[in-house]
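Residue strings, one per chain:
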Amino acid sequence: MIKFIGSLAVNNDTKIKQCVMYFVELACEYSFDEEIMRNFANELSMLFEKYLADEDTTIKVCAVKAVTAFLANIEDNTFLKNFSAILPVLVKTLIQAVRTDEESGRATIESIIDLMEFHPKFIKPIAEDLITIFTDIIDAPLGDDVKAISITALATLSSVDEVTVRKSDTFLKKSIPVLLKTLMKVQDVDLQEWSKSLEEEAISKKDPQSCVQDALPKFADALGTKFILMKMMPYLTQALKSNDWKERYGGLMAISQVSEGSSKHFMNDLDNLLALIFPCFECNHPRVVNAALSTLALLCSEFAPTIQIKYHEIIMKYIFKFLQEESYLKIQCTAAASITNFAAKIDEYEKEHKIMIRYAKDLLSILMKLFDKAINTNNYILQEDVLNAISIIAVGLDSGFADYYNIFMPGLKKLLVSIPGENEQQSKIRCLTIECIGHLVSSIREAPDMFISDLSQIFELLISVQNSPKIAFDDPEQTSIINVFAYISDVLKDKFAPFLDQIFPRLADSLKTEVAIIIQDVNNDKDEKDGKTKNILKVRSSDC
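Parameters and conventions
Residues numbered from 1 in each chain as written. Predicted model: local features only at pLDDT ≥ 70, side-chain atom pairs only at ≥ 80, totals over all residues. Heavy atoms only, no water. pLDDT = per-residue confidence, 0-100. Helix = DSSP H or I, 4+ residues; strand = E, 2+ residues; numbered from the N terminus. Contact = heavy atoms within 4.5 Å. Expected span 1.5 Å × (residues − 1). Buried < 20%, exposed > 50% of the residue type's maximum accessible area, 1.4 Å probe, protein only. Axes fitted to C-alpha atoms, helices over the stretch in contact; angles between N-to-C directions. Parallel < 35°, antiparallel > 145°, perpendicular 65-115°, else oblique. Left-handed = near helix turned anticlockwise from the far one by under 90°. Nonpolar A, V, L, I, M, F, W, Y, C, P; charged D, E, K, R; others polar. Salt bridge = Lys/Arg side-chain N within 4 Å of Asp/Glu carboxyl O. Phe/Tyr/Trp six-rings, centres within 6.5 Å; stacked < 30°, edge-to-face > 60°. Lys NZ or Arg CZ within 6 Å of the ring centre and 35° of its normal.

S.K.: How would you summarise the confidence of the model for the chain if you had to cite specific residues and measurements?
M.R.: In the predicted model, the chain carries a mean pLDDT of 87, and 88% of its residues have values of at least 70. Highest mean pLDDT in the chain belongs to helix H12 (residues 169-183) (98); lowest belongs to strand E2 (residues 532-533) (42). Contacts from residues 522-537, a stretch scored under 50 in pLDDT, to residues over four places away or in other chains number 31 contacts.

As structure tokens, this is what we get:
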């Protein structure tokens, strides 16, 4: 095969040249034998040098793809060093490709990303050059595709060679401000259309602003939250104080994207951080307000319980205000979702500080109206956010939630009947509905007579869902239903016995299913390098 490729290499036809490099790429990807390649190392090196020096940019790009495919499959680092002379040529080719044709530049960057991931130590001699090139591309008046892949490449380089990136003056003084400037280039959209668009933005969205938003957590993970946030903070401080709403929006989004793990290093700076965020709620642009809500919610999860104990009054003031923001549904949804973030991690402190109890009555009064609105408009996103908020409050109130039994139970039954469960989102709403019913039932365990009139209908609805052939044994809905049955049994005591015959057949079938047991380290949810603990967040920060 190599000899055949060599015989074709004497031909100067462009198509033949492309075929030669393509054959090399295929040979490396599907039939690579390192021992054979050792025997032809000189021939291949000469072939690569020849095609990398070709006048046609298309041939150069093909050569880069072939070279990276070849190098990626080499496992012997000593053998790999024989090809280190190619590195400066790759840099030169990348620059020429971007200048000549953006699509060629994009393809070249993709190949270099592959090489970085396979052999990070091999590319270390050109890492600083790559930082400069990728940053220049992001900042240049070029197309979105080549900018987006450069952002990805810079994030990849950070993850494979964090030492070089952390020490790079170019990254600190140029890359970071360029990335943040790109994040602040927010597209103007019709605000009513923006408000109606409640779905999360597709992860595959490739405009530069979205790519930076997606890449920031990767930079934080690779370089450390403390490092990246400290280096970004001077620029973020300026942005959050700006009169330009796009700069304030970008600053908020940057903080939200790197907030995870920040409490370990910035607890003492929480006052200063919130002093920058709170004024954003007074901005007259709804996208800034929504981003501020989202960011504050994420910080509530990260800095719990300190932020709740110290700042609950001002945080709740803004949540109450924007729960009632009728002009923009998206803001109402974010405010509702923020309740879950605020309350999720303060259960053990609630008895002492009674934070949620003091706000529960007024919150549930507003949530009741939003719940009716969500059902009447058949808005699944609003339904999810409100149900999550109601559930988290119900857990904190416990038996105190009984006061709201007659307020919420009719709507919950209506929702359970109307949601078909035909897709993942509908199943999630139905699962949340069942959980809320469980909280209500549990809250009246000291007053079981309140439940008697609803018992028959609720039981029939739950049995219908449980026995549905569309619901697998391991479906979350099954777990929620079983939990509700447990609540009902606690309320009815010995009067629950007649219902057991209808419950046990399905439970017996579930016992026959195969159980997969996975043993994990109890600390596997922590990032050892940065002390991060993964947070369960309810706000959707990708579509602020």
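S.K.: Explain the environment of Ile 59 to me, and be specific about the residues and the numbers.
M.R.: Along the polypeptide, Ile 59 turns up in helix H5 (residues 57-72). Setting aside residues up to four positions removed in sequence, Ile 59 forms contacts with Thr 14, Lys 17, Gln 18, Tyr 51 and Asp 54.

S.K.: So what about H5? Which residues, and what values?
M.R.: With 16 residues, H5 should cover 22 Å at 1.5 Å per step; its first-to-last C-alpha distance of 22 Å lies within 8% of that length. Counting buried positions along H5 yields 14 of 16 residues, so the element is predominantly enclosed.

S.K.: Before we move on, can you summarise the packing of helix H21 (residues 329-343) against helix H24 (residues 380-397) with the specific residues and values?
M.R.: Between H21 and H24, the shortest axis-to-axis distance is 8 Å and the interhelical angle comes to 30°. In terms of orientation, H21 and H24 fall into the roughly parallel class. Two packed elements cross with a definite hand, and for H21 against H24 that hand is left-handed. Contacts between H21 and H24 involve Leu 329, Cys 333, Ala 336, Ala 337, Ile 339, Thr 340 and Ala 343 on the former and, on the latter, Ile 381, Leu 382, Asp 385, Val 386, Asn 388, Ala 389, Ile 392 and Ile 393. Along the lines of polarity and charge, the residues of the contact of H21 with H24 split into 12 nonpolar, two polar and one charged.

S.K.: Give a detailed account of the packing of helix H23 (residues 355-376) against helix H25 (residues 405-418), specifying residues and quantitative values.
M.R.: Relative orientation of the contacting elements H23 and H25 amounts to 20°, with a least axis distance of 11 Å. Judged by the angle between their axes, H23 and H25 are roughly parallel. Judged by the sense of rotation from one axis to the other, the crossing of H23 with H25 is left-handed. Of the residues in H25, those touching H23 at Leu 364, Met 368, Phe 371, Ile 375 and Asn 376 are Ile 407, Phe 408, Gly 411, Leu 412, Lys 414 and Leu 415. In the contact of H23 with H25, the residues fall into eight nonpolar, two polar and one charged.

S.K.: Let's hear about the pattern of salt bridges: which residues, and what values?
M.R.: Applying the stated criterion across every chain yields a total of 15 salt bridges. A salt bridge links Lys 17 to Asp 54; the nearest nitrogen and oxygen atoms lie 2.8 Å apart. Taken together, the residues Lys 17 in helix H2 (residues 14-30) and Asp 54 in the loop between helix H4 (41-52) and H5 connect sequence positions 37 residues apart. On the basis of relative accessibility, which here comes to 11%, the residue Lys 17 falls in the buried class. Residue class for Asp 54 comes out buried when judged on its relative accessible area of 12%. Among the ionic pairs, Lys 493 bridges to Asp 490, the shortest N-O distance being 3.7 Å. A cluster of three or more residues bridged by salt bridges with shared partners is formed by Glu 103, Arg 106 and Glu 110.

S.K.: If you had to explain the packing of aromatic side chains to someone new, which residues and values would you point to?
M.R.: Following the criterion strictly, the structure yields 17 aromatic pairs and no others. Taking 4.3 Å as the distance between ring centres and 15° as the angle between the ring planes, the aromatic pair formed by Phe 281 and Tyr 318 counts as stacked. Residue Phe 281 is found in the loop between helix H18 (270-277) and helix H19 (286-302), and its partner Tyr 318 is found in helix H20 (residues 306-323); the two are separated by 37 residues along the sequence. For the pair Phe 281 and Tyr 318, one class covers both residues: buried. Over the ring of Phe 227 we find Arg 166; its NZ or CZ atom is 4.4 Å from the centre of that ring. Of note, Arg 287 hangs over the ring of Tyr 249, and the distance from its end group to the ring centre comes to 5.2 Å.

S.K.: I'd like a rundown of H19, residues and numbers included.
M.R.: Here H19 spans 24 Å end to end across 17 residues, near enough to the 24 Å set by a 1.5 Å rise per residue. Along H19, 17 of the 17 residues are buried, which leaves the element largely enclosed by surrounding structure.

S.K.: Break down the environment of Val 288 for me, citing the residues and quoting the values.
M.R.: Mapped onto the elements of the fold, Val 288 is located in helix H19. Along the backbone, Val 288 and Tyr 249 are 39 residues apart, and their C-alpha atoms lie at a distance of 5.0 Å. In this structure, Val 288 is in contact with Trp 245, Arg 248, Tyr 249, Leu 252, Cys 280 and Cys 283, ignoring residues within four places of it in sequence.

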